[in-house]
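Listed below are the residues making up each chain.
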Amino acid sequence: MKNFKAVGGRLLQLALVLWAVVTILFLMFRLMPGNPMAAYIDPTFTLEQQQQLMAQFGLDKPLWHQYLIYLGNLLQGELGQSFRYREPVGQRIWILLPNTLILTFSSLIVAYVFGILAGAYLAWRRGSWVEQAAIPLVLTTRAMPEFWLGMVMLAIFSFSLGWLPAGGTRAPGNEYSGFLDLYTSRDFLAHLALPAATLAIYSQGLPLLLMRSNMLDVMKEDFVTMARIKGLSTWTVVVRHAARNALLPVMTSFAIAVGYQLQGNVVVESVFSWPGLGRELVNAVAASDYPLAQGAFLMIALVVIFMNLLADLLYAFLDPRISHA
């Protein structure tokens, strides 16, 4: 019963956060400078025609009325009509969302696998020259701006060496018959390599340092000392005893890292011309396309909120002491 109350309270908090995000998005875009109808209004339009166009999209109504209409549409799953593309926002987001999710999760999986293994190794080799050289390098990659790292990757592997394509998801002229046909093709994987590697290099610092710190704490515990006294091999002590117990905070941080990665996608997708939500968001803001920008922001916020909830539930599941606290 206590667990159900905790989950219900958490869901209520997330609902309030979502309402706040929706409200801020609504106000933020309407207070920005620029005419949202610029893409529609022709120089030959009369004032009456412009007013009719504003009325068609409900922009002639008071702000509070627009807000109520906006909330009502959201509750029905309606995100509005894109000013720029003149098509439903939901349809546009559905096309771009798979690209963003594939880029996000592929880069994070690489970053976390490498970070966990490297962090455990550095904890085991604490005080060695390997650790002394690796830690500054990790901190340097973590401090690099993502757009700068992306441009360096482009300059080396695309422009200088010519090993990988510079942007997009497929080579010009290549056509694919369906969803799986595109996302499993060598062409798509080649285009995915550079942006995913850029995000992975930037993101690996968090799991690596977290795993190393947890390992150093766990290796001081009595059960690890007892395992060593029993004469167990170094591999058994490090992997089966220390690393296994140090993994919990690292694994739960993966869900939270998804939200941070989506923020980095905005920059990286623009650098690599990756057709995802982040790049579309930048273009929508520049074009004052309120519905599309709001829809993209809202989708990113939903993923972040869901992943934070997942992290809470995962932590409680993996460590039952949390749910009974």
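Conventions we followed
- Residues numbered from 1 in each chain as written.
- Predicted model: local features only at pLDDT ≥ 70, side-chain atom pairs only at ≥ 80, totals over all residues.
- Heavy atoms only, no water.
- Helix = DSSP H or I, 4+ residues; strand = E, 2+ residues; numbered from the N terminus.
- Contact = heavy atoms within 4.5 Å.
- Axes fitted to C-alpha atoms, helices over the stretch in contact; angles between N-to-C directions.
- Parallel < 35°, antiparallel > 145°, perpendicular 65-115°, else oblique.
- Left-handed = near helix turned anticlockwise from the far one by under 90°.
- Nonpolar A, V, L, I, M, F, W, Y, C, P; charged D, E, K, R; others polar.
- Buried < 20%, exposed > 50% of the residue type's maximum accessible area, 1.4 Å probe, protein only.
- Salt bridge = Lys/Arg side-chain N within 4 Å of Asp/Glu carboxyl O.
- Core = buried A, V, L, I, M, F, W, Y, C linked by side-chain atoms within 4.5 Å.
- Phe/Tyr/Trp six-rings, centres within 6.5 Å; stacked < 30°, edge-to-face > 60°.
- Arc of directions from axis to C-beta.

Novice: Quick rundown of the environment of Gly150? Include the residues and the values.
Specialist: Looking at where Gly150 falls in the secondary structure, it is placed in helix α6 (residues 146-160). Placed 121 residues apart in sequence, Gly150 and Val271 show a C-alpha to C-alpha distance of 6.7 Å. The residues contacting Gly150, other than those within four sequence positions of it, are Thr198, Val271 and Phe272.

Novice: Any details on the packing of α6 against helix α8 (residues 186-203)? Residues and values, ideally.
Specialist: The geometry of α6 relative to α8 is characterised by a closest axis approach of 10 Å and an angle of 135° between their N-to-C directions. By the angle class used here, α6 and α8 are oblique. α8 is crossed by α6, and the crossing has right-handed handedness. Judged by residue contacts, Glu146, Leu149, Gly150, Met153, Leu154, Phe157 and Ser158 of α6 engage Leu194, Ala197, Thr198, Leu199, Ile201 and Tyr202 from α8. Residues of the contact of α6 with α8, tallied by class, amount to nine nonpolar, three polar and one charged.

Novice: I'd love a proper account of unusual backbone geometry, names of residues and values included.
Specialist: Apart from glycine, the bulk of residues carry a negative phi angle, and the bulk of peptide bonds sit in the trans form. Here the phi dihedral of Ser273 falls at roughly 50°; this positive angle occurs in a residue that is not glycine. Assignment of secondary structure puts Ser273 in the loop between α11 (234-271) and α12 (277-286).

Novice: Would you mind going over the environment of Met215 in detail, with residue names and values included?
Specialist: Relative to the helices and strands, Met215 is located in helix α9 (residues 205-218). The exposure class of Met215 is buried, given its relative accessible area of 0%. Along the sequence, Met215 and Ala120 sit 95 residues apart, while their C-alpha atoms lie 6.4 Å from each other.

Novice: Go over the pattern of salt bridges with me, naming the residues and quoting the values.
Specialist: Per the counting criterion, the structure on display carries two salt bridges. The residue Glu280 makes a salt bridge to Arg92 at a minimum N-O spacing of 3.3 Å. Here Arg92 lies in helix α4 (residues 89-124) and Glu280 lies in helix α12, a separation of 188 residues in the sequence. What makes Glu280 buried here is its relative accessible area of 6%. A salt bridge links Glu131 to Arg212, with the shortest nitrogen-to-oxygen separation between them at 2.6 Å. Taken together, the residues Glu131 in helix α5 (residues 129-143) and Arg212 in helix α9 connect sequence positions 81 residues apart. Note on Glu131: relative accessible area 7%, which makes it buried.

Novice: Summarise the nonpolar core; cite the residues concerned and give the values.
Specialist: Core analysis: the largest hydrophobic core is formed by 31 residues, its most contacted members being Leu108, Tyr112, Met211, Met215, Val258 and Leu277. Elements with a minimum of two residues in this core: α4, α9, α11, α12 and α13 (290-318). Looking at which element gives the most residues to this core, the answer is α4, with nine residues. Those residues in contact with Leu108 that sit more than four places away from it in its chain are Ser203, Phe254, Ala257, Val258 and Gln261. Tyr183, Phe188, Phe272 and Trp274 belong to the second largest nonpolar core, which has 12 residues in total.

Novice: Please give an account of the packing of aromatic side chains that cites residues and values.
Specialist: Under the criterion given, the structure shown has four aromatic pairs. Centre to centre, the rings of Phe105 and Phe254 are 6.4 Å apart; their planes meet at 40°, and the pair counts as tilted. On the criterion of sequence distance, the pair formed by Phe105 in helix α4 and Phe254 in helix α11 is long-range, its members being 149 residues apart. The partly exposed category is assigned to Phe105, whose relative accessible area is 29%. Both rings, one in Phe157 and one in Trp163, keep their centres 6.1 Å apart while their planes meet at 45°; by these two values the pair is tilted. Of the residues examined, Phe157 reaches a relative accessible area of 26% and is grouped as partly exposed. The exposed category is assigned to Trp163, whose relative accessible area is 61%. Following the ring pairs from residue to residue traces out a cluster consisting of Phe105, Tyr112 and Phe254.

Novice: Tell me about α12, and please be specific about residues and values.
Specialist: The complete set of buried residues in α12 reads Leu277, Gly278, Glu280, Leu281 and Ala284. All buried residues of α12 project into a common sector of 160° when viewed along the axis, lining one side. Looking one or two places after α12, you find Ser288, whose phi comes out positive at around 55°.

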